[in-house]
Amino acid sequence: MTGIDPFASLTAALLALAPGALALARSWIRHRTVVRTEEENTRRTLIAVEGSDPARRAAVVRACAELHSTVERHPGSGR
């Protein structure tokens with residue numbers, strides 16, 4: 001009579017959990033990428049607003065929003 005190979009059981013368990021762990025990792029990386037992008041966009045907008053005339057700040061924010069949306073549609077073209 002043969003016993004159950006503990007390494008085979010461990011391997012099977014790891015293979016069963018791997019797809020879920022990879023999906024979780026992909027979701028986390030996607031989330032952190034979005035958060036980081038928004039932080040950078042906010043930082044750039046704040047820098048632009050700080051150096052602008054108070055009467056023109058709304059136009060500066062609109063221009064920054066347009067720039068950020070263009071960069072998101074065409075990654076790599078604005079950096």
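Refer to the structure above for everything that follows.
Residues numbered from 1 in each chain as written. Predicted model: local features only at pLDDT ≥ 70, side-chain atom pairs only at ≥ 80, totals over all residues. Heavy atoms only, no water.

1. What about the overall build of the protein?
Link 1 in the chain: Regarding its fold elements, the protein presents two helices and zero strands.
Link 2 in the chain: Against the 2.2 N^0.38 benchmark of 12 Å for 79 residues, the protein shows a C-alpha radius of gyration of 24 Å, more extended than a compact globule.
Link 3 in the chain: Each of the three principal axes of the protein carries a C-alpha extent, and together these read 85 × 20 × 15 Å.
Link 4 in the chain: Residue burial in the protein is summarised as follows: out of 79 residues, 11% are buried. (Helix = DSSP H or I, 4+ residues; strand = E, 2+ residues; numbered from the N terminus. Rg over C-alpha atoms; globule rule 2.2 N^0.38 Å. Buried < 20%, exposed > 50% of the residue type's maximum accessible area, 1.4 Å probe, protein only.)

2. Digging into the pattern of salt bridges
Link 1 in the chain: On inspection of all chains with the given rule, the structure shows four salt bridges.
Link 2 in the chain: As a salt-bridge pair, Arg 36 and Glu 40 come within 3.1 Å of each other at their nearest N and O atoms. Taken together, the residues span about one helical turn, with Arg 36 and Glu 40 both in helix α1 (residues 6-50) at a distance of four residues.
Link 3 in the chain: When the shortest N-O distance is used, the salt bridge between Arg 44 and Glu 40 registers 3.9 Å. In this pair, Arg 44 and Glu 40 are both assigned in helix α1, four residues apart and thus about one turn of the helix distant.
Link 4 in the chain: Salt bridges linked by common partners bring Arg 36, Glu 39, Glu 40, Arg 43 and Arg 44 together as one network. (Salt bridge = Lys/Arg side-chain N within 4 Å of Asp/Glu carboxyl O.)

3. Examining the packing of α1 against helix α2 (residues 57-73)
Link 1 in the chain: Running from N to C, α1 and α2 cross one another at 150 degrees; their axes reach a closest spacing of 10 Å. Between α1 and α2, the interaxial angle falls into the category roughly antiparallel. Between α1 and α2 the crossing geometry is right-handed. On α2, the residues that touch Thr 37, Glu 38, Asn 41, Arg 44, Thr 45, Ala 48, Val 49 and Glu 50 of α1 are Arg 57, Val 60, Val 61, Cys 64, His 68 and Glu 72. (Axes fitted to C-alpha atoms, helices over the stretch in contact; angles between N-to-C directions. Parallel < 35°, antiparallel > 145°, perpendicular 65-115°, else oblique. Left-handed = near helix turned anticlockwise from the far one by under 90°. Contact = heavy atoms within 4.5 Å.)

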